[in-house]
Amino acid sequence: MRVGICGGGLGGVSAAIGLASLGFEVEVFEKSPTLRATGAGLNLWPNAGRAIYGLGLREHYDAIAVKLDRYVGFGADGEQLFSKDTSNWPQTYGAPSVGVYRLALSTMLAEAFGKDRIKYGHEVLSIEDKGDRAVCHFTNGESYEGDLIIGADGIYSVIREKLVGGVQFRPNEHHAFRWRAVVDLKDVDVDPAAQTGFYTSGGWLSVIPIGNGKAYWFGSVSGAKTLDDFIAFFSGWTKTHIPRTLGITPRETIVESPLFDVDGLPFKWTHGRITLLGDAAHPMMPDMAQGASQTFIDALALRNAFARSSDVDEALAAYEAERRPAANYVVKCSQKGSFLGRHNVSPVAIRYEEEIEAHVA
Ligand SMILES: Cc1cc2nc3c(=O)[nH]c(=O)nc-3n(C[C@H](O)[C@H](O)[C@H](O)COP(=O)(O)OP(=O)(O)OC[C@H]3O[C@@H](n4cnc5c(N)ncnc54)[C@H](O)[C@@H]3O)c2cc1C
């Protein structure tokens, strides 16, 4: 069985690891010229950990991920708003909630699959389903033909656009941008085993440890359109460490990500011998920090569907039946907003238990 995976991000490479473990001949095509050398952090939940463990990567993952024992929240004057103990989540849910450096995670996955097996510099131009096989054409003039092609080309998926079109991205009217950066943990005054957040209804900023002596901060401010607006919002929060944290962060290392609400869901993932996985299948707002978790679950579900059936159509139907409703539910949860922000929902660690673990994890 020849499988081509378009997109060498978190989802593409995890799916490759899963399918290669079944003896499939898997090739990964990535548009970037090399493995990305930069990246920020990720907050991953027990459902991500269980899927990564299921792909056979427990030791590798545990070695790079920092277990979070608490989620604590403070107001602008430093007063405590909530504290959620998550130290027993490995026993309760089978894996910890963690902070992880995205670059360490993508390097770990690439090494587990085989870095030299990822074909960089391959950007998908077009794709065709030919009944019992699929063909993909790249902008470099090359083509690939396989029994199955997986579109794991991220939130702005070209493959999804060619298959279903119609997915509309609307700038999020409350939090149009997320700003984030990686700094030295010793320079920020936070509990090294916690996610520490500072919240008001107008804006928030959270910090998590991500290993290797690093911490990752991320935040959004209602109505902020520039980094200067974002930084200015926190200037008076002198009873917290935020002004200092922002002050010690080199400006050129701060990443600005526009945030979008997604219309046009749900759409079919599988079209003949082509299917979607990860953000390409379920683009979502990052407010639940579930995008990557859902992506790892897709990769494991796809592997398991093929472990149960060697019939491609049957396996793909089982994969989509298991994953599409669950992922679309998480997309909806992610649209609700954030703690003290839009719709004033519970803190994310509480929402994880109530909305994700209790329903779909
Ligand atoms: C600000 C922000 C914060 C986030 N925080 C979290 C978090 O804390 N926890 C969490 O679980 N999730 C988080 N997410 C979501 C998470 O980043 C994604 O869900 C995850 O990366 C999806 O993996 P993927 O493989 O589907 O896509 P990606 O990781 O985006 O990988 C897609 C790959 O496809 C490649 N590609 C794109 N187009 C083509 C093409 N035409 N041809 C070939 N290759 C192509 C890209 O270069 C990329 O390498 C966050 C997202 C954002 C925007």
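Provided above is the structure to which this section pertains.
Residues numbered from 1 in each chain as written. Predicted model: local features only at pLDDT ≥ 70, side-chain atom pairs only at ≥ 80, totals over all residues. Heavy atoms only, no water.

### Describing the overall build of the protein chain
Threshold: By the criteria applied, helices consist of DSSP H or I runs no shorter than four residues and strands consist of E runs no shorter than two, each listed in order from the N terminus. Atoms counted for the radius of gyration: C-alpha only. Globule rule: 2.2 Å times residue count to the power 0.38. Think of it in three bands: with a 1.4 Å probe and only protein chains considered, a residue is buried below 20% of the maximum accessible area for its type, exposed above 50%, and partly exposed in between.
Check the secondary structure of the protein chain and you find 11 helices and 20 strands. What you see for the protein chain is a C-alpha radius of gyration of 20 Å, in line with the 21 Å of a compact globule of 361 residues. Taking the principal axes of the C-alpha coordinates as reference, the protein chain spans close to 65 × 40 × 35 Å. For the protein chain, the proportion of its 361 residues judged to be buried stands at 55%.

### Considering the nonpolar core
To keep things clear, this is the line we draw: By nonpolar core we mean a set of buried residues, namely Ala, Val, Leu, Ile, Met, Phe, Trp, Tyr and Cys, connected to one another through side-chain atoms within 4.5 Å. Contact between two residues is taken to exist if any of their heavy atoms lie within 4.5 Å; hydrogens are not considered.
Membership of the largest hydrophobic core comes to 90 residues, with the highest contact counts inside it found for Ile5, Leu44, Tyr61, Leu105, Leu109, Phe296 and Phe306. Those residues in contact with Ile5, other than ones at most four positions away along the chain, are Gly12, Ala15, Ala16, Val26, Glu27, Val28, Phe29, Ile150 and Ala152. Of all hydrophobic cores here, the second largest spans 23 residues; its members include Phe74, Trp179, Ala215 and Phe230.

### Side note on the side chain of Asp287
Filter applied, for reference: For this analysis, a polar contact is any N or O atom pair within 3.5 Å, provided that within protein one partner can donate a hydrogen and the other can accept it, and provided that sequence-adjacent residues contribute only side-chain to side-chain pairs.
Residue placement: Asp287 occurs in the loop between β20 (274-276) and α9 (291-308). Residue Asp287 is classed as buried on the basis of its relative accessible area of 10%. Within the structure, the side chain of Asp287 is placed 2.9 Å from the side chain of Arg178, a separation counted as a polar contact. The contacts of Asp287, once residues within four sequence positions are left out, are Arg178, Ser334, Gly337, Ser338, Arg342 and Val348.

### Let's talk about the pattern of salt bridges
Worth spelling out the cut-off: Each reported salt bridge corresponds to a side-chain nitrogen of Lys or Arg within 4 Å of a carboxyl oxygen of Asp or Glu.
Inspection of every chain in the model, using the stated rule, returns 22 salt bridges. Here Asp228 and Arg251 are joined by a salt bridge, their closest N and O atoms 3.0 Å apart. Highlighted residues: Asp228 in helix α7 (residues 227-233) and Arg251 in the loop between α8 (242-248) and β18 (255-258), separated in sequence by 23 residues. Asp228 sits in the partly exposed class, given a relative accessible area of 46%. We classify Arg251 as partly exposed; its relative accessible area is 45%. Residues joined in a network through salt bridges with shared partners are Arg2, Glu25, Glu27 and Lys119.

### Examining the packing of helix α2 (residues 46-54) against helix α11 (residues 348-357)
To be explicit about the condition: Comment: axis = line fitted to C-alpha atoms, over the contacting stretch for helices; angle = value between 0 and 180 degrees taken between N-to-C directions. For classification purposes, angles smaller than 35 degrees are called roughly parallel, those larger than 145 roughly antiparallel, those between 65 and 115 roughly perpendicular, and all remaining angles oblique. Three classes are used: nonpolar for Ala, Val, Leu, Ile, Met, Phe, Trp, Tyr, Cys and Pro, charged for Asp, Glu, Lys and Arg, and polar for all others, with Gly counted as polar.
It is the contact of α2 with α11, at a shortest axis distance of 11 Å, that shows an interaxial angle of 60°. In terms of their interaxial angle, α2 and α11 are classed as oblique. Residues Pro46, Asn47 and Arg50 of α2 lie in contact with α11, whose contacting residues are Tyr352, Ile356 and Glu357. Partitioned by chemical class, the residues of the contact of α2 with α11 number three nonpolar, one polar and two charged.

### Quick look at the pairing of strand β14 (residues 177-184)
Spelled out, the test is: A pair of strands is considered paired only if DSSP assigns at least 2 bridges between the two.
Counting buried residues along β14, six of its eight residues qualify, which places the element largely inside the surrounding structure. Sheet topology note: the β14/β18 ladder contains four bridges and is antiparallel. Paired with Arg180 across the two strands is Val255, which belongs to β18. Where β14 meets strand β17 (residues 214-221), six bridges bridge the pair, whose relative direction is antiparallel. Within the sheet, the bridge partner assigned to Trp179 lies in β17 and is Gly219.

### Points about the sheet that holds strand β6 (residues 80-85)
Ordered by their spatial adjacency, seven strands build an open sheet running β6-β5-β15-β16-β17-β14-β18, and the pairing between neighbours is mixed. Both edges of this open sheet fall to β6 and β18, since each of them pairs with a single strand only. For this sheet, the mean inter-axis angle between neighbouring strands, taken without regard to orientation, is 15°. Examined bridge by bridge, strand β5 (residues 70-74) and β6 share five bridges and lie antiparallel to one another. Among the inter-strand pairings, Gly73 is bridged to a residue of β6, identified as Phe82.

### Remarks on α11
Of all 10 residues in α11, seven are buried, a share of seventy percent or more. Elements in contact with the buried residues of α11: α2, β5, β6, α4 (89-93), β15 (194-200) and α10 (312-335).

### Concerning the sheet that holds strand β10 (residues 134-138)
Spatially, the three strands line up as an open sheet ordered β9-β10-β11, and their pairing is antiparallel. In this open sheet, the two edge strands, each paired with only one partner strand, are β9 (124-129) and β11 (143-146). Strand-to-strand twist in this sheet, taken as the mean axis angle between neighbours without regard to direction, amounts to 15°. In this structure, β9 lies alongside β10, joined through five bridges in antiparallel fashion. Of the residues in β10, the one forming a bridge with Val124 is Phe138.

### Observations concerning the site of the ligand
Basically, it comes down to this: Here, proximity means that at least one heavy atom of the residue falls within 4 Å of the molecule or strand. All accessible areas in this document rest on Shrake-Rupley with a 1.4 Å probe, and a residue is counted as covered only by the protein chains that are shown.
Close to the ligand lie 33 residues; Gly11, Glu30, Asn43, Arg102 and Asp279 are nearest. A distance of 2.6 Å separates an oxygen atom of the ligand from a polar side-chain atom of Glu30. Asp279 is positioned such that a nitrogen or oxygen atom in its side chain is 2.7 Å from an oxygen atom of the ligand. About the coverage of the ligand: the protein hides 86% of its 1,000 Å² of free accessible area.

In short, geometric facts, not functional conclusions.
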